[in-house]
Every structure is written in structure tokens, then in C-alpha cells.
Amino acid sequence: MLSVYVPSESTLKKVEVAEPATLPESAVWIDMVKPTGEEDRAVERLTGIAVPTREDMQEIEISSRLYIENGARYMTATLMCHSDTDMPRTTAVTFIMAGHRLVTVRYDMPKPFALVENKLARSCMPGITGEMVLMELVDAVIDRCADILEKVGADVDQVSHDIFEPESERHGQAKRYSQILIAIGRKGDLTSKVRESLVSVGRVVTFLSAVMEGVKWSKDMREQLKTMQRDVASLTDHASYLSNKITFVLDAMLGVVNLEQNNIIKLFSVMAVVLMPPTLIASIYGMNFKAMPELEWAHGYPMALVMMLMAAVLPYFLFRWKKWL
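Residues numbered from 1 in each chain as written. Predicted model: local features only at pLDDT ≥ 70, side-chain atom pairs only at ≥ 80, totals over all residues. Heavy atoms only, no water.

Undergrad: Help me understand the overall build of the protein chain, please; the structure alone is not making it clear to me.
TA: Looking only at helices and strands, one finds nine helices and seven strands in the protein chain. For 325 residues, the compact-globule estimate of 2.2 N^0.38 gives 20 Å, and the C-alpha radius of gyration of the protein chain, at 34 Å, exceeds that figure by more than 25%. Seen through its C-alpha atoms, the protein chain measures out along the principal axes to roughly 115 × 40 × 35 Å. Buried residues in the protein chain amount to 42% of all 325 residues. By sequence separation, contacts in the protein chain at least 24 residues apart represent 64% of the contacts at least 6 residues apart. Accessible surface, the protein chain: about 18,700 Å² in total, of which carbon and sulfur atoms supply 58%. Across the protein chain, the 35 positively charged side chains and the 41 negatively charged ones have centroids separated by 4 Å. (Helix = DSSP H or I, 4+ residues; strand = E, 2+ residues; numbered from the N terminus. Rg over C-alpha atoms; globule rule 2.2 N^0.38 Å. Buried < 20%, exposed > 50% of the residue type's maximum accessible area, 1.4 Å probe, protein only. Contact = heavy atoms within 4.5 Å. Areas by Shrake-Rupley, 256 points an atom, 1.4 Å probe, with all protein chains shown as cover. Lys, Arg positive; Asp, Glu negative; His and termini not counted. Charge placed at Lys NZ, Arg CZ, Asp CG, Glu CD.)

Encoded structure:
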């Protein structure tokens with residue numbers, strides 16, 4: 001699917017293209033979503049570039065993600081998708097600057113693209129170019145990563161509160177430790193994906209900083225690029241901090257689970273010790289030897305019951321006095 005955008009007064013207008021071969025020459029942004037072979041060839045004829053395949057976009061080496069070919073600058077970044085769901089994932093997106101025209105190739109729907117499309121459809125700078133659209137997209141990606149990290153931080157704080165809340169508030173409530181562990185695992189996975197995206201975007205920003213020396217970019221765009229570099233660096237550090245915090249919360253959760261298990265085992269151990277003396281008394285008087293004088297006692301049975309009761313109660317109060325229970 002092709003989405004073509006052309007400048008229209010103070011907005012960026014989306015143009016419907018009936019046939020891929022009829023792409024307008026005034027297009028400053030061509031957004032390719034799961035492109036077909038015919039769409040690839042049409043864009044290549046218009047821009048004079050080679051559109052990378054999905055397999056090419058998934059290469060992880062830097063030389064295959066950031067390079068210059070036939071005067072066009074190719075930049076492939078890993079962006080977040082479906083971060084608001086239980087199954088977040090990353091997707092590779094290629095940004096191609098051919099002259100002053102931007103071509104984006106993607107096989108998923110990252111949220112920053114919709115945000116930038118809506119923003120530029122409302123208003124944009126006069127004489128907008130592909131470079132400006134690229135800066136808007138990269139800036140939106142960074143802002144989206146920041147929003148995700150803020151939400152992850154708030155969720156981790158809530159999980160930490162659930163773990164370390166006072167014992168009096170937890171009394172009588174069955175803690176759903178499995179759900180807490182699942183939540184911690186999901187937040188850790190989401191944080192690692194955001195950090196991967198930030199590292200990838202940081203490389204794109206660094207690549208743009210290196211190649212813009214030979215390009216006549218405005219002073220505002222250069223300052224914006226420096227700001228994005230600082231933002232990426234700070235967000236990467238924050239993602240690392242969140243990863244460490246998630247690891248700490250996970251260790252704490254496992255420690256709480258171990259304590260609960262130890263308390264249960266301790267209770268069983270105490271009960272076993274409490275029941276050992278009565279069991280011993282019952283075993284002695286259950287042997288039925290003829291030489292046992294207590295067999296002829298009229299009150300032998302009540303006496304045995306009293307002895308077993310005392311043998312069970314005394315250890316119980318001893319454990320309570322020792323604060324083992």
C-alpha cells in the first residue's frame with residue numbers, strides 16, 4: 001500500500017494514487033506499507049533508488065542498515081509496535097532520503113507514523129521537504145519511547161508497592177504472586193524492546209549528524225538533531241535504570257515467595273513436633289503387652305488422653321513463647 005503526501009499551502013496533503021505508475025512528481029513523502037512488486041518498481045522509477053526488501057531490512061549489521069547508495073541515504077531503525085497490548089513487538093522501518101524526498105518502507109503500523117500524519121495534515125511549515133518530515137518522524141519515535149518508559153516506570157512502582165506493602169495490610173489477603181511475576185516479566189520485556197529501539201534510533205541520529213555536513217540544512221534542524229541526540233542518550237540511560245529496577249523487583253518478589261514457602265514449611269515442621277509426643281504415648285500404650293501394669297487401671301484410658309493432650313499443648317505454648325509461631 002502506498003501513501004503519497006504533497007505540500008498544500010500550510011498542510012501536507014495525502015493524495016490518493018489510483019495506479020502506482022501515476023505517482024505525483026511533487027510528492028515529498030512516500031510511505032510504503034507492505035509494498036508489492038509493482039509499487040516497488042513505481043517508486044524506484046520516480047526516485048531513482050532501490051527499495052530494500054523485508055529480508056534486507058532485517059539485517060542487523062550496521063553496514064546493511066546505514067549506508068549511502070547512488071546519492072540516497074538509507075537508514076533502517078527498529079521501532080516499537082503494539083506497546084499498549086500484552087504482546088508488544090519491534091519492527092524494522094527503513095527511511096530513505098532521495099534528494100529532498102523521503103521514502104519510508106515498513107511492514108507494520110508504528111504509532112508515530114499516524115501521529116505525524118495527523119499533525120502535518122493540520123499544519124506544517126511552508127515549503128516542507130522530506131528532511132523535515134524525517135525529523136518529525138524521528139522526533140515522534142523518541143517521544144513515543146519516552147511515553148512508554150514513563151508508563152513502565154509507573155507500573156513498576158505499583159508492582160513494588162504491592163510487594164513491599166505493610167504486613168498488616170496484607171494480612172488475610174491471598175497474594176496473586178503468579179500475576180505479579182507475569183507483570184514483572186512483561187515490563188522487563190517491554191523495557192528491553194524500548195532500549196533496543198532507542199539504540200537503533202540513536203544510530204540513525206548519529207548517521208544523520210555525520211552526513212549532514214555536506215547538506216545545506218537549516219540551523220533549526222541542526223539544533224533539533226543535537227537535541228534528539230541528547231534525548232536518546234538520556235532515555236537510553238533511563239531504560240537501563242528501569243531494567244536494573246525491574247531486576248531488583250523480580251529478586252524481591254522471588255524472596256517474598258521463598259519466605260512464604262519457608263513459613264509454610266515451618267508450620268508443618270512445628271505441627272509435626274507438636275504431634276510427636278502424643279504419637280509416642282499412643283504407640284506405647286498400643287503395644288498390649290501382658291506385663292504392662294497400666295492395662296489394669298480403671299482410669300488408664302482417660303489418663304492416656306490427658307497425657308497426650310498435655311504433650312501436644314506444652315510444645316505449642318513453648319513455641320509461642322519462643323516466638324517461633
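Undergrad: Sorry if this is basic, but what is going on with the sheet that holds strand 2 (residues 11-15) here?
TA: Strand pairing in a sheet relies on backbone hydrogen bonds. The paired strands run either parallel or antiparallel. Pairing within the open sheet is mixed, and its seven strands lie in the order 2-1-3-7-6-5-4. Sheet topology places strand 2 and strand 4 (66-69) at the edges, where each strand pairs with a single neighbour. Direction aside, the axes of adjacent strands within the sheet are offset by 25° on average. Bridging between strand 1 (residues 2-8) and strand 3 (residues 29-33) involves four bridges; their strand directions are antiparallel. Each residue of the ladder has a partner; that of Leu2, found in strand 3, is Met32. (Pairing = 2+ DSSP bridges. Axes fitted to C-alpha atoms, helices over the stretch in contact; angles between N-to-C directions.)

Undergrad: Even after reading the chapter, I still don't get helix 4 (residues 111-122), so can you show me in this structure?
TA: Three- or four-residue spacings in an α-helix give side chains the same orientation, since the helix completes a turn every 3.6 residues. Given a rise of 1.5 Å per residue, 12 residues ought to cover 16 Å, and the 17 Å separating the end C-alpha atoms of helix 4 matches this to within 8%. All buried positions along helix 4 are accounted for by Pro112, Phe113, Val116 and Leu120. Summarising the axial view, the buried residues of helix 4 lie within an arc of 100°, below the 170-degree limit, and thus occupy one face. On its buried face, helix 4 is in contact with strand 2, strand 3, strand 5 (72-81), strand 6 (89-98), strand 7 (101-106) and helix 5 (130-164). (Expected span 1.5 Å × (residues − 1). Arc of directions from axis to C-beta.)

Undergrad: How should I be thinking about unusual backbone geometry in this particular structure?
TA: Its identity is not glycine, yet Lys34 carries a phi of approximately 50°, on the positive side. Along the polypeptide, Lys34 turns up in the loop between strand 3 and helix 1 (37-47). With a relative accessible area of 53%, Lys34 lands in the exposed category. One non-glycine residue with positive phi stands out, namely Asn70, at about 55°. On the secondary structure map, Asn70 appears in the loop between strand 4 and strand 5.

Undergrad: So what exactly am I meant to see when it comes to the environment of Val256 here?
TA: Mapped onto the secondary structure, Val256 falls in helix 8 (residues 219-284). Between the alpha carbons of Val256 and Arg45 there is a distance of 63 Å; along the sequence they are 211 residues apart. Not counting chain neighbours up to four residues away, the residues in contact with Val256 comprise Ile163 and Tyr177.

Undergrad: Would you mind showing me how to read the pattern of salt bridges here?
TA: Think of it this way: side chains of opposite charge can pair up when their charged atoms draw near. Throughout the structure, instances matching the rule amount to 10 salt bridges. We note a salt bridge from Arg106 to Asp31, for which the minimum N-O separation is 2.5 Å. With Arg106 in strand 7 and Asp31 in strand 3, this residue pair connects regions lying 75 residues apart in the sequence. Both residues of the pair, Arg106 and Asp31, belong to the buried class. A salt bridge links Asp155 to Lys187; its shortest N-O distance comes to 2.8 Å. (Salt bridge = Lys/Arg side-chain N within 4 Å of Asp/Glu carboxyl O.)

Undergrad: Would you explain the pairing of strand 4 in this entry?
TA: Moving residue by residue along a regular strand, the side chains alternate between the two faces of the sheet. The pairing of strand 4 with strand 5 spans four bridges and is antiparallel. Paired with Tyr67 across the strands is Tyr74, a residue of strand 5. Here strand 4 folds back onto strand 5 in antiparallel fashion, the turn holding two residues, of which Asn70 has a positive phi close to 55°.

Undergrad: Hey, could you run me through a negative patch on the surface in this one?
TA: On the surface, a cluster of negative charge is contributed by Glu55, Asp56, Glu59 and Glu61. Mapped onto the secondary structure, Glu59 falls in the loop between helix 2 (54-57) and helix 3 (62-65). (Patch = residues over 30% accessible without salt bridge, like charges linked within 9 Å, V, L, I, M, F, W, Y side chains within 5 Å.)

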